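Here are the chains, one letter per residue:
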Number of protein chains: 2
Amino acid sequence: MTYCVGLLLDAGVITLSDTRTNAGVDNISTFGKTFVVETSGERAMVLTTAGNLAVTQAVWNLVQEGVAIDGITQNLSQVPNMFRAAQLVGAAVRQVFAADGPTLRAQGLGFDVSILLGGQIGTQPPRLFLIYAAGNFIEATVETPFLQIGEHKYGKPILDRVLSPATPLDDGITLALISMDSTLRSNLTVGLPVDLTVIRRDALAVSLRRRIDETDPYFAFLRQRWSESLREAYRALPRPDWLG
Amino acid sequence: MTYCVGLLLDAGVITLSDTRTNAGVDNISTFGKTFVVETSGERAMVLTTAGNLAVTQAVWNLVQEGVAIDGITQNLSQVPNMFRAAQLVGAAVRQVFAADGPTLRAQGLGFDVSILLGGQIGTQPPRLFLIYAAGNFIEATVETPFLQIGEHKYGKPILDRVLSPATPLDDGITLALISMDSTLRSNLTVGLPVDLTVIRRDALAVSLRRRIDETDPYFAFLRQRWSESLREAYRALPRPDWLG
């Protein structure tokens, strides 16, 4: 399993992904699920992936190498805008499906992949997409400025309550880490370390890449403080007088 | 969809269930999913149900009417202990599966049911069970003093963090309502009103039954205050200095 979250803020794009992969509960490994494409001063993109590792790695290779759309072969360093980038990732997913899907199905396995793609090209605004296994995609909006893939439920309530496009980048990092913490606590197949990526608006470069594990002082403090805060908030609530 | 949670505390048993049923998103109704069996001074039990409404209603009818186990037909008012009560509910589930399962499968429908059963009989300690669609069941323990059925993920983190068997009943009610609130916010197929049931240890009677809707002053206050508390707790957290 996997948990990845992407935030589309006025100030830029943030993604956070875990690194645990498992083929059964007795075969657990650490694989990065975050990939960046950067041409400084021109474009910066981040992809995070969930699903079958062979499929997601194949997609990542294809989008670097080039995929044909409407007879034109381009890679993510060449596409003229983020919509085209999302189309390219979708086309890569379909290409892998065409190659591997029939055999996977013949062996009773699903074709399981979903990808977050965020970033900015030139003077166009930053955008954030979620590409599905069918190669189609949706885009984050002002109403819903975050997208999630993988084990999304545990980490969703805090985002629903607090996040807005006006959230500053450092607040967004804190929120993404809280959302990840809730998921790490409740689902063993989502595991540390986690990979944080920040693309500040108009920087046209990756502003921050950070791998965070249990020894990271800020994340360790955040996890402990958040847990204490929730307990304190719960303790401070009034109790019902229904039992007499 | 449904969300039901049951708590097994030193002080007694608490259950909370929502009331929304849906056959597709355009056919939504309100049905109680909480049922009690009470013989004052002798036994008090509560069942909450998730899954196919025809199946859960059939099970509820059978456990009142009587189901044969090892040649002896008993109902929930007659079983000698809570383990036998859980076996009886399991046997009822299997009886409905034997009757309806083949036709459901022939029409491409699953046999979908899960049931929480909590309560106390005589001088034996209170117990809490989760009965599966196969009729087998698990029991809450000191390490894991709560069980959930239906849409369980959104409401699990707060229980993981705070609940213990020593939690008093009024605290347990507050926790169950917070857990329900998180679920109501994130899944539209879980809906108000909710049904709260408390069986105080050694009361051998249902201590509290309360239907709670959006006009309930305590629940309305709790939802608002909890939401504010989470926002405040988040605002009070330090931010990382990673962005310079």
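Details of the structure are given in the entry above.
Criteria and cut-off values
- Residues numbered from 1 in each chain as written.
- Chains lettered and ligands numbered in written order.
- Predicted model: local features only at pLDDT ≥ 70, side-chain atom pairs only at ≥ 80, totals over all residues.
- Helix = DSSP H or I, 4+ residues; strand = E, 2+ residues; numbered from the N terminus.
- Rg over C-alpha atoms; globule rule 2.2 N^0.38 Å.
- Buried ≥ 20, exposed ≤ 12 C-beta atoms within 10 Å, placed from the backbone.
- Pairing = 2+ DSSP bridges.
- Axes fitted to C-alpha atoms, helices over the stretch in contact; angles between N-to-C directions.
- Least-squares fit on C-alpha atoms with pLDDT ≥ 70 in both.
- Contact = placed C-beta atoms within 7 Å.
- Core = buried A, V, L, I, M, F, W, Y, C linked by C-beta atoms within 7 Å.
- Nonpolar A, V, L, I, M, F, W, Y, C, P; charged D, E, K, R; others polar.
- Parallel < 35°, antiparallel > 145°, perpendicular 65-115°, else oblique.
- Left-handed = near helix turned anticlockwise from the far one by under 90°.

A few words now on the overall build of chain A. Within chain A, the regular secondary structure consists of five helices and 14 strands. On C-alpha atoms alone, chain A measures out to a radius of gyration of 19 Å, which is about the 18 Å that the 2.2 N^0.38 rule sets for 244 residues. Across its three principal axes, chain A shows a C-alpha extent of roughly 75 × 45 × 35 Å. For chain A, the residues scored as buried account for 49% of the 244 residues in total.

A word on the sheet that holds strand β12 (residues 146-150) of chain A. Residue and element names in this part refer to chain A. Spatial ordering of the open sheet is given by β12-β1-β2-β13-β14, a layout of five strands whose pairing is antiparallel. Two strands in the sheet have a free side with no partner beyond their single neighbour: β12 and β14 (208-212). Within this sheet the neighbouring strands show an average axis-to-axis angle of 10 degrees, counted without direction. Pairing analysis gives five bridges linking strand β1 (residues 3-9) to β12, with the strands arranged antiparallel. Along β12, the bridge assignment pairs Gly-6 with Leu-147.

Aligned on chain B, chain A shows an RMSD of 0.0 Å; the corresponding rotation is 180 degrees and the shift along the axis is 0.0 Å. On this basis, the relationship between the two copies can be described by a two-fold rotation axis. The position closest to the rotation axis in chain A is occupied by the C-alpha of Tyr154(A), lying 2.7 Å away. Taken together, the interface assignments show that 100% of the residues at the interface of chain A recur at the interface of chain B, consistent with an identical surface on both copies.

Judged by nonpolar contacts, the single largest core of 140 residues is most densely connected at Val89(A) and Val89(B). Not counting chain neighbours up to four residues away, the residues in contact with Val89(A) comprise Val59(A), Val63(A), Ile115(A), Leu117(A) and Ile131(A).

What follows covers the sheet that holds strand β13 (residues 194-200) of chain B. Residues and elements named next belong to chain B. Across the sheet, five strands lie side by side as β12-β1-β2-β13-β14; this open sheet has antiparallel pairing. One side of each edge strand has no neighbouring strand; the edge strands of this open sheet are β12 (146-150) and β14 (208-212). Each adjacent strand pair in this sheet contributes to an overall mean axis angle of 10 degrees, direction not counted.

Our next topic: the interface of chain A and chain B. The partner chain B presents 37 residues to the 37 residues of chain A that form the contact. Looking at the side of chain A that touches chain B, the elements that each hand over two or more residues are α3 (156-162), α4 (169-186), β14 and α5 (217-236) of chain A. Looking at the side of chain A that touches chain B, the element that brings in the most residues is α5(A), giving 11 residues. For the side of chain A that touches chain B, the class distribution of residues is 20 nonpolar, six polar and 11 charged.

Moving on to the environment of Ile173(B). Residue position: Ile173(B) is located in helix α4 (residues 169-186). Looking at Ile173(B), the number of C-beta atoms within 10 Å reads 25, which means it is buried. Sequence separation between Ile173(B) and Val13(B) is 160 residues, and the spatial gap between their C-alpha atoms is 10 Å. When neighbours within four sequence positions are excluded, Ile173(B) is seen to be in contact with Pro240(A), Trp242(A), Ile14(B), Leu196(B) and Val198(B).

The next point concerns the packing of helix α1 (residues 53-65) of chain B against helix α2 (residues 82-106) of chain B. All names here are of chain B. Look at α1 against α2: their axes get within 9 Å of each other, and the N-to-C directions meet at 125 degrees. One element, α1, and the other, α2, form an angle in the oblique class. Considering the relative orientation of α1 and α2, their crossing is right-handed. Mapping the contact onto sequence places Val-55, Ala-58, Val-59, Leu-62 and Val-63 in α1 and Leu-88, Val-89, Ala-92, Val-93, Gln-95, Val-96 and Asp-100 in α2.

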